Amino acid sequence: CSLLDVGAGLCESKARMSIRGIRVTTQEPSPDSPADISSPLHAVEGQWDAVTAFDVLEHVDDPVAFLGQMKRLSRRWVAVSTPNYLLSHNSHRFHVREYCPDEILPLGRKVGLSFEAGWCQLPGRGVFQVNAAELEASSSTHGFCVLFRF
């Protein structure tokens with residue numbers, strides 16, 4: 001399985017996922033990053049089985065265009081995670097916009113993505129898997145992750 005991690009930051013995802021046999025490529029626009037790719041990904045299409053963006057969506061101006069680009073880069077799956085606006089209230093100065101759990105699935109549908117799986121993070125419970133209805137109803141989760149397919 002091949003994976004592109006968009007907005008990979010310090011690129012710690014590469015070591016974590018590579019031990020599971022996943023071929024990981026990292027992308028991060030920061031010039032000081034150890035990422036495999038530091039340039040925009042406009043010319044690449046369908047090169048990876050999955051494309052991830054962990055804690056990136058809240059930093060982009062156009063989430064629909066961003067998800068559409070992630071879909072174009074992927075052959076099958078797109079995964080995104082983000083903090084929950086209902087708890088954080090967009091208090092981070094570098095966040096353009098944060099999302100409530102019930103806003104993510106409609107964003108994905110706008111570009112033809114379907115819910116495959118979801119996870120929530122709650123204090124004292126850690127991270128646990130949820131279905132689409134549970135995700136959309138989870139107002140007290142600190143953050144959440146959605147795996148989309150198409």
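Up top is the structure.
Owing to the predicted nature of the structure, the values given are computational and were not obtained by experimental measurement.

*Asks:* In this structure, what is going on with the overall build of the protein chain? I would like to understand it.
*Replies:* Looking only at helices and strands, one finds five helices and seven strands in the protein chain. In the protein chain, the succession of α and β elements from N to C terminus is β-α-β-β-α-β-α-α-β-β-α-β. Computed over its C-alpha atoms, the radius of gyration of the protein chain comes to 15 Å, within 12% of the 15 Å expected for a compact globule of 150 residues. Over its C-alpha atoms, taken along the principal directions, the protein chain stretches across nearly 35 × 30 × 30 Å. Taking all contacts inside the protein chain whose residues are at least 6 apart in sequence as the whole, residues at least 24 apart take part in 60%. Taken as a whole, the protein chain presents about 7,900 Å² of accessible surface, with 53% of it coming from carbon and sulfur. The averaged location of the 17 negative side-chain charges in the protein chain is 6 Å from the averaged location of its 14 positive side-chain charges.

*Asks:* How should the pairing of strand β6 (residues 126-130) be read in this particular structure?
*Replies:* Every regular strand shows the same layout, with side chains that alternate between the two sheet faces. Across five bridges, strand β5 (residues 114-122) lies against β6 in antiparallel orientation. Bridge assignment links Gly118 to a residue of β6, and that residue is Val130. Where β5 hands over to β6, the hairpin turn is made up of three residues, of which Gly124 adopts a positive phi near 80°.

*Asks:* It is not clear to me how the packing of helix α2 (residues 63-73) against helix α4 (residues 101-110) should be interpreted in this structure. Could you clarify?
*Replies:* If you want to describe how two helices pack, look at the angle between their axes and the distance between the axes. The N-to-C vectors of α2 and α4 enclose an angle of 60°; their axes lie 9 Å apart at closest approach. Between α2 and α4, the crossing angle belongs to the class labelled oblique. Where α2 crosses over α4, the handedness of that crossing is right-handed. Of the residues in α4, those touching α2 at Pro63, Val64 and Leu67 are Leu107, Gly108 and Lys110. When grouped by side-chain class, the residues that make up the contact of α2 with α4 number four nonpolar, one polar and one charged.

What counts, and where the lines are drawn
Numbering of residues starts from 1 in every chain and runs along the sequence as written. Residue-level local features of this predicted model are given only where pLDDT is at least 70; pairs of side-chain atoms are given and counted only at 80 or more, and the full residue set underlies all totals for whole chains, interfaces and linings. Side-chain measures here rest on the full set of heavy atoms in the structure, leaving out hydrogens and waters. By the criteria applied, helices consist of DSSP H or I runs no shorter than four residues and strands consist of E runs no shorter than two, each listed in order from the N terminus. Every radius of gyration here is taken over C-alpha atoms, with the globule rule written as 2.2 Å times N^0.38, N being the number of residues. The contact rule is simple, with two residues in contact once any of their heavy atoms fall within 4.5 Å. Calculation of accessible area relied on Shrake-Rupley with a 1.4 Å probe; when residues are assessed, cover is drawn exclusively from the protein chains displayed. Only four residue types enter the charge count: Lys and Arg as positive, Asp and Glu as negative, with His and the chain ends excluded. Charge positions come from single atoms, namely NZ of Lys, CZ of Arg, CG of Asp or CD of Glu. Any two strands with at least two DSSP bridges between them are considered paired. Only the stretch in contact is used when a helix axis is fitted, and all axes are lines through C-alpha atoms; the angle between N-to-C directions ranges over 0 to 180 degrees. Each angle receives one of four descriptions, namely roughly parallel if under 35 degrees, roughly antiparallel if over 145, roughly perpendicular if within 65 to 115, and oblique otherwise. Less than a right angle of anticlockwise turn of the near helix away from the far helix marks a crossing as left-handed, whereas a clockwise turn marks it as right-handed. Residues were grouped as follows: Ala, Val, Leu, Ile, Met, Phe, Trp, Tyr, Cys and Pro as nonpolar; Asp, Glu, Lys and Arg as charged; and all remaining residues, including Gly, as polar.

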